[in-house]
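# Structure assessment
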Amino acid sequence: MELVEYFPILVQILLAFVLAVVILTVSQIFGQKIRRSLTKDSAYECGIPSEGKSHTRFSVKFYVTAMLFILFDIEVVFLYPWALAFRDFLAAGIPILLPVLFFIGVIVLGLFYEMKKGALEWEK
Amino acid sequence: MDDLQYFKDAAASNEWSLIWPEISVGLLALSLLVVEMLVPKMKNRLVPMIAMIGLSVITVTLVLSWVGMGVSYGESFAGLLFQSGFGESMRLFFLLGGLFICFLGYVTLQGRAIPRVEFFHIVLVVTAALMLLAQSNHFVMIFITLETVTIGFYILVSYFRNQPISLEAGLKYLILGGLSTGLLLFGIALLYGAAGNPQLAGATAEGLNLQALRAFLLNHGDHTLAVAGMLLVLFGIAFKVAVFPFQIWVPDVYQGAPTAVTAFLGVCSKAAGFALMIILVTRTFNVETMTSITVPLLSLMAIFSLLYGNLTALTQQNTKRLMGLSGISHAGFLLAGVVAAVHVDWAVWAVVFYLFSYMFSSFAVFGVMAFVEGKNPGEGEELIDYTGLYQRSPFLGTVLGIGLGSLAGIPPLVGFIGKALVFIALFQAGLYVLLLVGALSVAISIFYYFGWMRTAFFGDGPDTEKDYPAIEVPLPKRVPLAIIAGITVFLGFIQVPLAAVLGL
């Protein structure tokens, strides 16, 4: 591709930049002027003074569950295209069963490991 | 069905038997978790033993297989891997490295309320990835193995999660590691994009394959995108090996990481970067239009690394930081060797020999550090803590003396031979400025290495009033240290075994 063909992208970048500048300037010029004060600048929480920390801590159990979910999710994602290609590959004599069995075996081993480690016991 | 034919060819080139050492190391890593699962009560004794014995068996079998069947050459796994003598010797390097790190981890973790099993598991996984990295022939392979290694190191560096200094080191390594990965990826993308440009003659869709990329670069080595990509890739790797100006993370990360991890980072991670440098600089980017850029650039980086590492190490009082900073100067030596390897073919082996010599000598020093340091953060890490080490433990003092002497390059230890080989390679390549700076930096390095030795042997530190207790090292833990020190001395006299391994 010649450099010229990237010209629309340059136009788009410029457009985004110009639009941002225009909106900010226009609202500055035509917008309502208000006097600033500490109360007005503070965060608005339904009219009630905010309480507690903004970053609350979650139990690590949530993260463990989420990670395990992603792990098995990925396994399923891998298995779908595998199932689609299975018949063609077998017909062509390409080994496809044993590799995926090894893959599932490792994941199942991981499942047993998690159960033994108590990662799946919520009350613990 | 052309697609099926492609998959069929790819499947046929999957020669699993070629990567049995990596598979074995990976299965060993899994088996550690199984052992922990089945016998949780004995895990603290059993797991390090299994890891060390398993790695030893794999190492011995690998060497025996070379003797029995010879070394295989050529591409496999549809061009992802390239077996060569270089890859085989780096395999042995990383196996030995992983083995000694397991021992160091066993020593460092003893008596701490920190989980053990995961440490050995991650070390083994990283070792397997390092071994694959040294044989890779494809940017996808390079990136995946390098990321496996780096993510493992993120965890290992912050392994003492109850110590803020370890967490700080982990965070710094994570941020700068992420930056270097970004550089590397961007470079790969640019190279792939340049090689896949259909308007250029000889464009290839296989731009990630190093051989295909080289064939493209032969014609278009001066293409702006390709040159920018090559530079970004080299800079990304320069972060990992910590050469100037990408060395700024080294002292903090080395100081904060557990000693075993510092050794792992300083030796194996550095070696991985240089394995990549050799694969890329001397096998892929070695087209004339590119070497006219890489040789002056890398020479300059090597010169500054040599000077920076040695000059900053001169006044350093913390031993871990000192090893890190002196490691930068060693990286300078290795980079000089890589530059020489562009012109002189056998210089690749000089670099590999230097890596082996650096591994044995630094492991001797790190091994002693693991015994001298205390259980609290920063305890026993200062140079003063080594006051009269020889009187407190003659064994540790001797090992430290051998290791430091070899790092400084004192004949007849192995470090001297390693430096001599690099110097000869530089001379043959006609890089006289590098040669001169290298010789100068050896002279500087003698100051701080010998200062450390003087503290350990004659004990005239500034704080002689303080009482330094004797250090007892039980016999089983002496054996690995003695072996490492023995190899350091032995290889200084007779290089035939290592030369035979390297196929010289």
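Residues numbered from 1 in each chain as written. Chains lettered and ligands numbered in written order. Predicted model: local features only at pLDDT ≥ 70, side-chain atom pairs only at ≥ 80, totals over all residues.

The helix and strand tally for chain B stands at 20 helices and two strands. By the compact-globule yardstick of 23 Å for 504 residues, chain B fits well, its C-alpha radius of gyration being 22 Å. Considering only C-alpha atoms, chain B reaches an extent of 75 × 60 × 45 Å along its principal axes. Across the 504 residues that make up chain B, the buried fraction comes to 54%. Sequence separation of at least 24 residues holds for 76% of the intrachain contacts in chain B that already meet a minimum separation of 6. (Helix = DSSP H or I, 4+ residues; strand = E, 2+ residues; numbered from the N terminus. Rg over C-alpha atoms; globule rule 2.2 N^0.38 Å. Buried ≥ 20, exposed ≤ 12 C-beta atoms within 10 Å, placed from the backbone. Contact = placed C-beta atoms within 7 Å.)

Moving on, we come to the overall build of chain A. Each helix and strand in chain A was counted, giving four helices and zero strands. Along its sequence from the N terminus, chain A presents helices and strands in the succession α-α-α-α. In summary, chain A has a C-alpha radius of gyration of 28 Å against a globular reference of 14 Å for 124 residues, an excess of more than 25%. Oriented by its inertia axes, the alpha-carbon framework of chain A measures out at about 75 × 60 × 20 Å.

This paragraph deals with helix α1 (residues 7–30) of chain A. Spanning 24 residues, α1 of chain A covers 34 Å between terminal C-alpha atoms, matching the ideal 34 Å at 1.5 Å per step. By the criterion of burial, α1 of chain A is predominantly exposed, with just zero of the 24 residues buried. (Expected span 1.5 Å × (residues − 1).)

What follows deals with the confidence of the model for chain A. When the pLDDT values of chain A are averaged, the result is 84; 95% of them are 70 or greater. Per-residue pLDDT, averaged within each element of chain A, yields its smallest value for helix α2 (residues 38–41) of chain A (77) and its largest for α1 of chain A (94). (pLDDT = per-residue confidence, 0-100.)

All names here are of chain B. Relative to each other, helix α2 (residues 20–38) and helix α5 (residues 117–133) sit at 170°, their axes nearing to 8 Å. By the criterion of interaxial angle, the relationship of α2 to α5 is roughly antiparallel. Contacts between α2 and α5 involve P21, E22, V25, G26, L28, A29, L32, L33 and E36 from the first element and V117, F120, H121, L124, V125, T127, A128, M131 and L132 from the second. Residue classes in the contact of α2 with α5 are distributed as 13 nonpolar, three polar and two charged. (Axes fitted to C-alpha atoms, helices over the stretch in contact; angles between N-to-C directions. Parallel < 35°, antiparallel > 145°, perpendicular 65-115°, else oblique. Nonpolar A, V, L, I, M, F, W, Y, C, P; charged D, E, K, R; others polar.)

Turning next to the interface of chain A and chain B. Taken together, the eight residues of chain A in the interface contact seven residues of chain B. Every element with two or more residues in the side of chain A that touches chain B is listed here: α3 (60–91) and α4 (97–117) of chain A. Considering each element in turn, the side of chain A that touches chain B owes the most residues, three residues, to α4 of chain A.

Take the domain arrangement of chain A next. Here chain A is described as being made up of domain 1 (3–41) and domain 2 (60–117). Centre-to-centre separation of domain 1 of chain A and domain 2 of chain A, based on C-alpha positions: 48 Å. (Domains from an automatic or database assignment.)

This brings us to unusual backbone geometry. Residue and element names in this part refer to chain B. With an omega of 0°, the peptide bond running from F244 to P245 counts as cis. Tracing the sequence through the fold places P245 in the loop between α9 (224–241) and α10 (250–256). Going from P411 to P412, the amide bond is cis rather than trans, its omega being 10°. Mapped onto the elements, P412 comes out in the loop between α16 (394–408) and α17 (414–429).

Residue and element names in this part refer to chain B. Inspection of the secondary structure puts A201 in the loop between α7 (164–195) and α8 (210–220). By C-beta crowding, A201 is classed as exposed, having 8 other C-beta atoms within 10 Å. For the pair A201 and M131, spaced 70 residues apart in sequence, the C-alpha to C-alpha distance is 36 Å.

Looking now at the nonpolar core. All names here are of chain B. Counting 178 residues, the largest nonpolar core has L133, V243, I278, V338, V351 and L355 as the members making the most contacts within it. Tallying contributions element by element places helix α14 (residues 347–372) first for this core, with 22 residues. If we ignore the near neighbours within four places in the chain, the residues touching V243 are A238, M301, A302, S305, I328, A331, G332 and L335. (Core = buried A, V, L, I, M, F, W, Y, C linked by C-beta atoms within 7 Å.)

Right, let's talk about α9 of chain B for a bit. Residue and element names in this part refer to chain B. Between its terminal C-alpha atoms α9 stretches 26 Å, which fits the 26 Å expected from 18 residues at 1.5 Å a residue. Counting buried positions along α9 yields 14 of 18 residues, so the element is predominantly enclosed. Among the residues trailing α9, A242 stands out with phi positive, at a value near 60°.

A word on the packing of α14 of chain B against α17 of chain B. All names here are of chain B. The contact between α14 and α17 brings their axes to 8 Å, and the two run at 160°. Judged by the angle between their axes, α14 and α17 are roughly antiparallel. Between α14 and α17 lies a crossing whose hand is left-handed. Taking contact as the criterion, the partners of A347, A350, F353, Y354, S357, Y358, F360 and S361 in α14 are, on α17, V414, G415, I417, G418, L421, V422, A425 and A429. In the contact of α14 with α17, the residues fall into twelve nonpolar, four polar and no charged. (Left-handed = near helix turned anticlockwise from the far one by under 90°.)

A few words on the environment of F7 of chain B. Within the secondary structure layout, F7 of chain B lies in helix α1 (residues 2–12). Taking the number of C-beta atoms within 10 Å as the measure of exposure, F7 of chain B has 18 and is therefore partly exposed. Residues F7 of chain B and A78 of chain B, spaced 71 residues apart in sequence, show a C-alpha to C-alpha distance of 9.5 Å. Sequence-distant contacts of F7 of chain B, defined by excluding residues within four places in its chain, comprise F89 and I94 of chain A.

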